[in-house]
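Chain residues, written in single-letter form:
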Amino acid sequence: EFWSWFESLESRMDPDSPDPIVLEDMDYWLGRISPNLSFELGKSGRKHTLTISADGRAALVPLVDKLVGDAPKIDGWKFVSLRQKQKHLRPVTVGGTTLDPDNLFFDLYDDGPRFGVAFYLPEFVHAQVDEYRVAAMRLMSMSVGERNVASWIGFVDFDRHGVRDMAFSRPFAEFETVFDGLRK
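Residues numbered from 1 in each chain as written. Predicted model: local features only at pLDDT ≥ 70, side-chain atom pairs only at ≥ 80, totals over all residues. Heavy atoms only, no water.

A. Fine view of unusual backbone geometry. A positive phi angle is found at aspartate 55, which is not glycine, with a value near 50 degrees. Residue classification places aspartate 55 among the buried positions, given a relative accessible area of 6%. For leucine 82, which is not glycine, the phi dihedral falls at a positive 75 degrees. (Buried < 20%, exposed > 50% of the residue type's maximum accessible area, 1.4 Å probe, protein only.)

B. Molecular detail of helix H1 (residues 2-9). Along H1, the positions that sit buried rather than exposed are Phe2, Trp3, Trp5, Phe6 and Leu9. Along the axis of H1, the buried positions cluster into a sector of 155 degrees, meaning they face one direction only. Counted as exposed and oriented over 90 degrees from the buried face of H1: Ser4 and Ser8. On its buried side, H1 packs onto helix H2 (20-33), strand E2 (47-53), helix H3 (61-69) and strand E3 (77-81). (Helix = DSSP H or I, 4+ residues; strand = E, 2+ residues; numbered from the N terminus. Arc of directions from axis to C-beta. Contact = heavy atoms within 4.5 Å.)

C. Representation of the sheet that holds E2 in the model. Ordered in space as E1-E2-E3, the 3 strands form an open sheet in which the pairing is mixed. Strand pairing shows two members of the sheet lacking a second neighbour, strand E1 (38-44) and E3, which therefore form its edges. The sheet shows a mean angle of 25 degrees between the axes of neighbouring strands, taken without regard to direction. Across the sheet, H3 touches E2 and E3, and the angle it forms with E3 is around 160 degrees. (Pairing = 2+ DSSP bridges. Axes fitted to C-alpha atoms, helices over the stretch in contact; angles between N-to-C directions.)

Structure (structure tokens):
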């Protein structure tokens, strides 16, 4: 059903100026598959891209892989399973919450089979912890790729800049290096 719907409206999904109604419909159709799926529209060379994401949720990775594997061939489109590592990090906004990699610090912990991450933010509103968590998963996915995030990241926690534990933290620009070092 999802891909039939997509094919019927793909001409209105220009990543440079997406139709807001089509974006809402995309949320609806993906939500019918699983309420925790998300997407990004973009470009790769001359092709439009649709990335379908589990936002780092390991249990949903097989579903996303199957969904993208079932995608039809559509001229001018490339379909991607999970967010890919990016050359340049940028702020991520989820709801009313934005995480900016330029003012974000972290600690990465070996927590048994997975890693735990503590993020230190300039401001932290506990009532928005779910938005922070999704934004953090997306930002880590930009840094090391969503498949790595889903496979290796366990708990994610947050606190404000200036707390005592922050003394041992690192700027988010170093996340990939620290993550790769712990995986070895």
